[in-house]
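# Residue-level structure breakdown
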Amino acid sequence: MGRDLKRMARAARWFDPDPASAVLMAVTDARRLPDPWTALAALPRGGALIWRTYGEEPGYETARKLAAAARAKGCLLLVAGSPRLGARLGIAGIHLPERDVARRRVIAAGTLVTAACHSERAVLEAARAGVDAVLISPVLPTQSHPGARTLGVIRLARLATLAGALGIPAYALGGIADETHIRRLRGTGIAGVAGIGFLL
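Predicted model only: the values in this text are computed from it and were never measured.

### Thoughts on the sheet that holds strand β6 (residues 133–136)
Strand order in this closed barrel of eight strands is β1-β2-β3-β4-β5-β6-β7-β8, and the pairing throughout is parallel. Across the sheet, the mean angle from the axis of one strand to that of its neighbour is 25 degrees, orientation sign disregarded. Relative to strand β8 (residues 192–195), strand β7 (residues 170–173) runs parallel, the two sharing three bridges. Within β8, the position partnered with tyrosine 171 by the bridge is glycine 192. Of the strands in this sheet, β6 and β7 touch helix α7 (residues 152–165), which is tilted by about 170 degrees from β6.

Shown next as structure tokens:
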């Protein structure tokens with residue numbers, strides 16, 4: 001792990017001092033970071049990895065090996081997709097895109113679930129679905145979606161406060177690439193940060 005990433009991990013720990021909590025969450029990206037093995041290798045111990053497979057169902061053997069490598073590193077592995085897929089692959093958790101959250105009113109017990117949220121309505125839907133954490137995005141301008149409208153720090157704080165009131169930890173996603181970005185997010189009520197740029 002590089003020196004910059006170590007500094008980021010220390011800065012992110014400010015959001016939650018509990019060493020057992022994941023304050024850094026990496027997300028794979030079809031263009032910028034497609035290989036989950038590369039992402040896991042760069043991720044600090046105790047983090048979480050969301051593996052987005054972009055419409056292709058991951059093979060059982062690959063998922064099994066990746067999950068084992070994540071556990072050995074003290075990290076969590078979540079696969080973007082349905083709860084059934086996670087259970088079939090023996091993965092600890094799943095990540096739902098915002099469009100799928102409303103369809104899943106009940107999440108199976110024992111499955112760790114995160115969900116993408118871009119609005120107050122999405123956070124409320126996530127709470128009704130029983131998710132364990134939400135990823136609020138895009139917070140800052142991001143290379144993955146250049147020119148896209150961002151939420152900004154104040155709107156992030158509102159959404160994180162709403163999620164917290166509903167008992168759901170919120171993670172900031174989008175444009176968070178260095179320690180300076182993390183420091184800007186202090187006081188917003190988030191539990192940690194998620195992204196791609198800080199691994200590159």
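### Considering the side chain of threonine 53
By the element assignment, threonine 53 lies in the loop between β2 (48–51) and α3 (60–72). Overall, the relative accessible area of 15% leaves threonine 53 in the buried class. Those residues within four positions of threonine 53 in sequence are excluded, and the remaining contacts are Pro58 and Ala80.

### Thoughts on the packing of aromatic side chains
Counted by the stated rule, this structure contains one aromatic pair. Ring plane angle 85 degrees and centroid distance 5.8 Å describe the contact between tryptophan 14 and phenylalanine 15, whose orientation is recorded as edge-to-face. Residue classification places phenylalanine 15 among the buried residues on the basis of a relative accessible area of 12%.

### Quick word on the pattern of salt bridges
A complete count under the given rule lists six salt bridges for this structure. Between aspartate 29 and arginine 52 there is a salt bridge whose closest N-O contact spans 3.8 Å. Placement of aspartate 29 in the loop between β1 (24–27) and α2 (36–42) and of arginine 52 in the loop between β2 and α3 is noted, with a sequence separation of 23 residues between them. Taking relative accessible area as the criterion, aspartate 29 reaches 10% and is therefore assigned buried. Residue glutamate 125 is joined to arginine 128 by a salt bridge in which the shortest nitrogen-to-oxygen separation is 3.7 Å. Here glutamate 125 and its partner arginine 128 are both found in helix α6 (residues 120–129), three residues apart, which amounts to about one turn of the helix. Several salt bridges share partner residues, and in doing so they unite Arg7, Glu179 and Arg183 into one network.

### Quick look at the nonpolar core
Counting residues in hydrophobic clusters, the biggest one holds 67 residues, and the most contacted among them are Val134, Leu185 and Val193. With five residues, helix α1 (residues 3–12) is the largest single contributor of residues to this core. If we skip the residues at most four places from it in the chain, leucine 185 touches Phe15, Val139, Val153, Leu156, Ala172, Ile176, Ile190 and Val193.

What counts and what doesn't
The residue numbering used here restarts from 1 in each chain and proceeds along that chain's sequence as written. In keeping with the model being predicted, local features are shown solely for residues with a pLDDT of at least 70 and side-chain atom pairs are shown and tallied solely at 80 or more, while totals for entire chains, interfaces and linings include all residues. Derived side-chain values reflect all non-hydrogen atoms in the structure, with water molecules and hydrogen atoms excluded from consideration. Note on pairing: DSSP must find at least two bridges between two strands before they are called paired. Numbering of helices and strands starts at the N terminus; helices are DSSP runs of H or I of at least 4 residues and strands are runs of E of at least 2. What counts as an axis is a line fitted to C-alpha atoms, over the stretch in contact for a helix, and the angles between N-to-C directions run from 0 to 180 degrees. We call two residues contacting when some pair of their heavy atoms lies within 4.5 Å. Three exposure classes are used, based on accessible area relative to the maximum for each residue type with a 1.4 Å probe and protein chains only: buried under 20%, partly exposed in between, and exposed over 50%. Pairing of aromatic rings covers Phe, Tyr and Trp, the last through its six-membered ring, and needs centres within 6.5 Å; plane angles under 30 degrees mean stacked, over 60 mean edge-to-face, and all others mean tilted. What makes a salt bridge here is a side-chain nitrogen of Lys or Arg within 4 Å of a carboxyl oxygen of Asp or Glu, nothing more. The criterion is simple. A nonpolar core is a set of buried Ala, Val, Leu, Ile, Met, Phe, Trp, Tyr and Cys residues joined through side-chain atoms within 4.5 Å.

Taken by themselves, the reported measurements are silent on function.
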